[in-house]
Amino acid sequence: MFWKLKTKHEAINLNDLNNLLLIISLITLGISLFCTRNIYVIILIFLFIYEIYYHHEKNKYTRFLTSILPIIIFACFLMRYLNLSFFKFDILNVVKIFINILIFLDYFLIVFKEIKSKELKYIKRGNRKRTFNDLRIKKINSFKNANLDCIADYQKEHNIDITSDYYKVIKENLNDKIKTDLEEYVWLNYLRFYKNKKYNKSNIFDTLNIVFILIHVIILLLSILVR
């Protein structure tokens with residue numbers, strides 16, 4: 001049972017989250033952070049952010065924020081047991097606000113990167129799906145024209161006689177070059193987004209998306225009810 005749950009956990013992919021829900025979740029979390037000053041709720045929110053971060057493609061900004069937040073949160077937790085009366089303002093509350101800002105910034109960066117990096121995986125065209133041949137037919141002329149322009153520029157730059165054998169060899173290799181460039185484009189920019197013959201996952205609403213938004217709703221309720 002444990003290994004089954006672990007496998008499912010590892011299989012979670014943030015690319016499967018609905019883009020609209022990602023935006024709604026960002027707004028919901030922002031409201032939650034604005035409403036709460038309870039350290040336990042803040043810890044709960046951070047643990048959720050860390051779970052999202054775990055499945056997120058890390059960058060230096062999210063890595064930095066997610067690394068320093070536990071330290072600041074732990075320090076804030078210990079400050080509750082210290083005598084801070086010598087401060088003329090509520091320093092603990094200020095620290096909590098600062099933590100909430102960092103948490104929101106961390107989550108914003110994660111959501112922004114996920115939406116920005118999400119490509120159109122599945123393309124619907126009429127009543128059928130786009131195929132590799134559709135893409136090849138659409139792009140072949142652009143690759144052909146691009147290679148012809150390169151040949152023309154090369155011929156002019158090196159003053160190559162168009163009747164020479166060298167120029168004929170270049171022209172004979174044109175079709176192979178076009179085919180190579182086209183296949184590279186297809187595999188790099190299309191194949192990885194064409195999976196399981198489904199439609200665009202940025203618009204689906206499945207179990208993962210339902211659980212995702214429910215967690216945000218629970219966090220929001222806790223933020224409002226637990227002061």
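It should be noted that the structure appears before, not after, this text.
Keep in mind the model is a prediction, meaning the values are calculated, not measured.

S.K.: Before we go on, may I ask you to explain the packing of aromatic side chains in this structure?
M.R.: Aromatic ring pairs are defined here through the distance separating the ring centres and the angle between the ring planes. Inspection of every chain in the model, using the stated rule, returns seven aromatic pairs. A ring pair is formed by Tyr40 and Phe77, whose centres lie 6.0 Å apart and whose planes are at 80°; its orientation type is edge-to-face. You can see Tyr40 sitting in helix α3 (residues 39-54) and its partner Phe77 sitting in helix α4 (residues 60-79), a full 37 residues away along the chain. A residue is classified by how much of its surface remains accessible, and Tyr40, at 48% relative accessible area, is partly exposed. Ring centres of Phe48 and Tyr107 lie 6.5 Å apart, and the angle between their planes is 50°; on these two criteria the pair is classed as tilted. Of the two residues, Phe48 sits in helix α3 while Tyr107 sits in helix α5 (residues 91-117), which places them 59 residues apart along the sequence. Residue classification places Phe48 among the buried residues on the basis of a relative accessible area of 9%. On the basis of relative accessibility, which here comes to 1%, the residue Tyr107 falls in the buried class. Chaining the aromatic ring pairs together yields one cluster made of Tyr40, Phe77 and Tyr81.

S.K.: Any chance you could explain the packing of α3 against helix α9 (residues 207-225) here in plain terms?
M.R.: The geometry of a pair of packed helices is captured by two quantities: the angle between their axes and the separation between those axes. Remark: α3 packs on α9, axes separated minimally by 10 Å, with the N-to-C direction vectors making an angle of 165°. Regarding the angle of α3 to α9, the classification is roughly antiparallel. Every pair of crossing elements has a handedness; the one defined by α3 and α9 is left-handed. Residues Val41, Leu44, Ile45, Phe48 and Ile52 of α3 form the contact with α9, whose own contacting residues are Phe212, Ile215, His216, Ile219, Leu222 and Ser223. Looking at the contact of α3 with α9 residue by residue, the class counts come to nine nonpolar, two polar and no charged.

S.K.: For this particular structure, what's the right way to read the nonpolar core?
M.R.: Within soluble globular proteins, side chains that are nonpolar generally end up buried alongside one another. Counting 32 residues, the largest nonpolar core has Ile45, Ile49, Ile99, Ile103 and Tyr107 as the members making the most contacts within it. Listing elements by their share of this core, those giving two or more residues are α2 (19-35), α3, α4, α5 and α9. Listed in part, the eight residues of the second largest apolar core include Ile151, Tyr167, Ile178 and Leu182.

S.K.: Any chance you could explain a nonpolar patch on the surface here in plain terms?
M.R.: On the surface, Val217, Leu221, Ile224, Leu225 and Val226 cluster together into a nonpolar patch covering about 430 Å² of accessible area. Structurally, Leu221 is set in helix α9. For Leu221, a relative accessible area of 46% translates into the label partly exposed.

S.K.: Honestly, the side chain of Asn209 in this entry has me stumped. Any pointers?
M.R.: Examined against the element boundaries, Asn209 turns out to sit in helix α9. Within the structure, Asn209 has its side chain in polar contact with the backbone nitrogen of Asn18 (distance 2.6 Å).

S.K.: It is not clear to me how the side chain of Thr28 should be interpreted in this structure. Could you clarify?
M.R.: Note that Thr28 resides in helix α2. Within the local environment of Thr28, its side chain forms a polar contact with the backbone oxygen of Ile24, the two atoms lying 2.8 Å apart. Setting aside chain neighbours within four positions, we find Thr28 in contact with His216 and Leu220.

S.K.: What is the right way to look at the packing of α4 against α5 in this model?
M.R.: At a closest axis distance of 10 Å, the pairing of α4 and α5 adopts a crossing angle of 160°. Relative to α5, α4 is oriented roughly antiparallel. The element α4 and its partner α5 pack so that their crossing is left-handed. Between α4, through Tyr61, Thr62, Leu65, Thr66, Ile68, Leu69, Ile72, Ile73, Cys76 and Met79, and α5, the contact on the second element is made entirely by Ile91, Leu92, Val95, Lys96, Phe98, Ile99, Leu102, Ile103, Leu105, Asp106, Leu109 and Ile110. Looking at the contact of α4 with α5 residue by residue, the classes come out as 18 nonpolar, two polar and two charged.

The rules we used
- Residues numbered from 1 in each chain as written.
- Predicted model: local features only at pLDDT ≥ 70, side-chain atom pairs only at ≥ 80, totals over all residues.
- Heavy atoms only, no water.
- Phe/Tyr/Trp six-rings, centres within 6.5 Å; stacked < 30°, edge-to-face > 60°.
- Helix = DSSP H or I, 4+ residues; strand = E, 2+ residues; numbered from the N terminus.
- Buried < 20%, exposed > 50% of the residue type's maximum accessible area, 1.4 Å probe, protein only.
- Axes fitted to C-alpha atoms, helices over the stretch in contact; angles between N-to-C directions.
- Parallel < 35°, antiparallel > 145°, perpendicular 65-115°, else oblique.
- Left-handed = near helix turned anticlockwise from the far one by under 90°.
- Contact = heavy atoms within 4.5 Å.
- Nonpolar A, V, L, I, M, F, W, Y, C, P; charged D, E, K, R; others polar.
- Core = buried A, V, L, I, M, F, W, Y, C linked by side-chain atoms within 4.5 Å.
- Patch = residues over 30% accessible without salt bridge, like charges linked within 9 Å, V, L, I, M, F, W, Y side chains within 5 Å.
- Areas by Shrake-Rupley, 256 points an atom, 1.4 Å probe, with all protein chains shown as cover.
- Salt bridge = Lys/Arg side-chain N within 4 Å of Asp/Glu carboxyl O.
- Polar contact = N/O pair within 3.5 Å; in protein donor to acceptor, adjacent residues only side chain to side chain.

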